[in-house]
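Understanding the architecture of this molecule
Okay, here's what each chain looks like letter by letter:
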Amino acid sequence: MSSGYDMRMKLMRKAVAISVWTLCVCVADLVTGQETLTVVGWGGAAAKAQSEGYHKSFTEETGIQIRFEDYNGGLAQIRAQVDVGAVHWDVVDVESASLHVGCDEGIFEDLSDLELPPAPDGTSAKEDFFEGMITDCGIGAFVWATVLVYNSDRFEGDEPSKIEDLFDLDKFPGRRGLRRYPIGNLELALVSDGVPIHQVYEVLSTEEGLQRAFRKLDTIKDHVVWWEAGAQAPQLLADGEVVMTTAWNGRIFNAQIVEKQPFVIIWDSHLRDYDAFAIVAGSPNLENARKFVAHATSTRGMVGFANHIPYAPLRHSGFPLIGKHAATGVDMRPHMPTALENSKNFLWSNVEWWSEREDDLTERFNAWLAR
C-alpha cells in the first residue's frame, strides 16, 4: 500500500514541478514578448556547434528565440513529461535507437507530413537524404562515431593502432575509459574477440554471442573507468585517469584542435551512428518546432553544423560543401566519420536491433556492472 502511495506522490510532485517550470517560462515569454522554443541536446562542443550552425540563423529568419537545455540521452525525461501531461521540451536531439523506441511508444509527434527543403541544386529532400533518415517521428540530423582514442604523451615506444589494443592489458597496461551503456561496448567487444564486423549483430542475436561479449568485457572490467557525459571521456585522457578510451569523435576533435591536446583517434572498427531531431508529443510550440526541424536538417543547416564539429551531414549534397573549421581554419572533411580515409573498417549501429533489445540489455549490462 505504502509503495503505491509513494509512487503516486512522486508522480504528483514531478507533475507539480514541471507545471511550475512551464508556468514560469510562459510568464517570462509574456513579459519579454518573444516567442521561444526549447531545444534539448548534448551540451558541450555539440551545443556550441548547433548554436552557430543553425540556432542563430533560425532566430534571425523567424524571430523565435532558442532556449537550449542539455541532457545525457535516453527517454526517461521525455516519458515523464508526456506521462504527466506537462511538456516543456519542444525539440530533442535523440540517438537513433531512442528515436525508434520513442516512436513506438508514441512520445514523439508525427512528422510524416513535414515539408523538408530540397538540396541546393533542387534535388528533393527524399532523394537527398541518406536512406532511412526521414522517419515518421524524426528527421536525421548528423552522423557521429564512437572511436578509440589515446593520449600520445602517455606512451613510449609502441602506440595503440587497432580496436584489439583496447583489451590488450599486457602490451598496453593502464586503465581504460568506456561509456556506461551497452550500445557500442558489446559490438566492440565482439570485434576485438575476432568476430567479423558484418557478423556482429548475427552473433549478438544469440545467447552464446551475448555471453561471449560480456566475457570479453570481463577481461578489462577491473581496469575500466566508466563515463556517462560526452565531456568526461576527453577529460579522463587529459587528466591521465585512463591511457585510452572510447569517445565521440566530435568531442575528441574539439580537444585536439581547439584545446591542443595530444590525442590520437583510431578509426579502425569505429561504430557509426546518427542522431535525429524529434518533437516531444504535446509540445506547446508545435508549429515553431516543425519549422526548426526543417531548418536544422536543411543542407545549409547540416553544413553549418559540420563546419564547427566533425559530425557529418545526412544529405548527399552536404559533404562536398563542408569547408574549414569556423574557429581555427582546419579543413573539416578529413575529420568526418564519413570521409573516405576513415571508412575502411567500420560498423553501422543496428537501430532496429537495438530498438527491440535496448531496455533488456541495459538492465543486463547494469546487473553485470554491479557484480
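Refer to the preceding data block for the structure.
Residues numbered from 1 in each chain as written. Predicted model: local features only at pLDDT ≥ 70, side-chain atom pairs only at ≥ 80, totals over all residues. Heavy atoms only, no water.

**Notes on the pattern of salt bridges**
By the definition in use, this model includes 12 salt bridges. Of the charged contacts in the structure, one is a salt bridge between lysine 56 and glutamate 52, with a shortest N-O distance of 2.6 Å. Note that lysine 56 and glutamate 52 are positioned in helix H2 (residues 44–62) at a spacing of four residues, about one turn of the helix. The partner of aspartate 113 in a salt bridge is arginine 290, and the shortest N-O contact between them spans 3.2 Å. With aspartate 113 in the loop between helix H4 (96–105) and helix H5 (125–128) and arginine 290 in helix H11 (residues 286–296), this residue pair connects regions lying 177 residues apart in the sequence. When its relative accessible area of 15% is taken as the criterion, arginine 290 is described as buried. Salt bridges sharing partners connect three or more residues here, namely Asp193, Arg212 and Lys216. (Salt bridge = Lys/Arg side-chain N within 4 Å of Asp/Glu carboxyl O. Helix = DSSP H or I, 4+ residues; strand = E, 2+ residues; numbered from the N terminus. Buried < 20%, exposed > 50% of the residue type's maximum accessible area, 1.4 Å probe, protein only.)

**Some thoughts on the packing of H4 against helix H13 (residues 351–370)**
The interhelical angle for the contact between H4 and H13, taken along N-to-C directions, is 60 degrees, at an axis separation of 8 Å. Classified by the angle between their axes, H4 and H13 sit oblique to one another. For the pair H4 and H13, the sense of crossing is right-handed. Here Ser96, Ala97, Ser98, His100 and Val101 of H4 come into contact with H13, specifically with Val351, Glu352, Trp354, Ser355 and Glu358. For the contact of H4 with H13, the residue count by class is four nonpolar, four polar and two charged. (Axes fitted to C-alpha atoms, helices over the stretch in contact; angles between N-to-C directions. Parallel < 35°, antiparallel > 145°, perpendicular 65-115°, else oblique. Left-handed = near helix turned anticlockwise from the far one by under 90°. Contact = heavy atoms within 4.5 Å. Nonpolar A, V, L, I, M, F, W, Y, C, P; charged D, E, K, R; others polar.)

**A closer look at the packing of aromatic side chains**
Scanning the entire structure with this criterion turns up 21 aromatic pairs. Taken together, a centroid distance of 5.2 Å and an interplanar angle of 40 degrees make the contact between tryptophan 42 and tyrosine 71 tilted. With tryptophan 42 in the loop between strand E1 (36–41) and H2 and tyrosine 71 in the loop between strand E2 (65–70) and helix H3 (76–84), this residue pair connects regions lying 29 residues apart in the sequence. Relative accessible area serves as the criterion here: at 13%, tryptophan 42 is assigned to the buried category. Seen in terms of ring centroids, tyrosine 54 and phenylalanine 305 are 5.9 Å apart; in terms of plane orientation they differ by 35 degrees. Their pairing is tilted. Highlighted residues: tyrosine 54 in helix H2 and phenylalanine 305 in helix H12 (residues 299–306), separated in sequence by 251 residues. With respect to burial, tyrosine 54 and phenylalanine 305 carry one shared label: buried. Grouping aromatic residues by their ring pairs yields a cluster made of Tyr54, Phe58, Phe142, Phe277, Phe292, Phe305 and Tyr311. Seen from the ring of tryptophan 368, lysine 221 lies directly overhead, with NZ or CZ sitting 4.5 Å from the centre. Note that arginine 272 overlies the ring of phenylalanine 346, its terminal NZ or CZ placed 3.5 Å from the centroid. (Phe/Tyr/Trp six-rings, centres within 6.5 Å; stacked < 30°, edge-to-face > 60°. Lys NZ or Arg CZ within 6 Å of the ring centre and 35° of its normal.)

**Some thoughts on empty space enclosed by the protein**
In this structure the tally under the stated criterion is three cavities of 30 Å³ or more. Quantified by volume, the largest cavity comes out at close to 130 Å³. In this structure, the largest cavity is lined by Trp42, Ala46, Glu95, Phe142, Trp144, Trp248, Arg251, Asp275, Ile309 and Tyr311. Taken together, the residues of the lining of the largest cavity break down into seven nonpolar, no polar and three charged. Both of domain 1 (31–143 + 274–340) and domain 2 (144–273 + 346–370) provide at least three residues apiece to the lining of the largest cavity. Counted as a void, the second largest cavity has a volume near 90 Å³. Around the second largest cavity sit Trp144, Thr146, Arg179, Ile183, Gly184, Asn185, Leu188, Trp227, Thr246, Trp248, Leu271 and Asp273, which together line it. Every element with two or more residues in the lining of the second largest cavity is listed here: strand E4 (139–151), helix H6 (182–192), strand E7 (244–248) and strand E8 (263–279). Counting residues per element, the lining of the second largest cavity draws most heavily on H6, at four residues. (1 Å grid on protein atoms, 1.4 Å probe; cavity = no way out; pocket = protein on both sides within 12 Å on 5 of 7 lines; lining within 4 Å. Points joined across faces, edges and corners; volume = space filled by probe spheres on them. Domains from an automatic or database assignment.)

**Concerning the layout of surface pockets**
Reported here for the largest pocket is a volume of approximately 370 Å³. Secondary structure elements with two or more residues in the lining of the largest pocket: H3, H4 and H13. Residue contributions to the lining of the largest pocket peak at five residues, all from H13. Considered class by class, the residues forming the lining of the largest pocket number five nonpolar, seven polar and seven charged. Taken together, domain 1 (31–143 + 274–340) and domain 2 (144–273 + 346–370) each give at least three residues to the lining of the largest pocket, which thus spans both. Lining the second largest pocket are 13 residues, and of these Lys48, Asn254, Val258, His308 and His325 lie nearest its centre. For the lining of the second largest pocket, the elements supplying multiple residues, two or more each, are H2 and helix H10 (249–258). Among the elements that make up the lining of the second largest pocket, the one with the highest residue count is H2 (five residues).

Interpretation in functional terms is not warranted from these geometric data alone.
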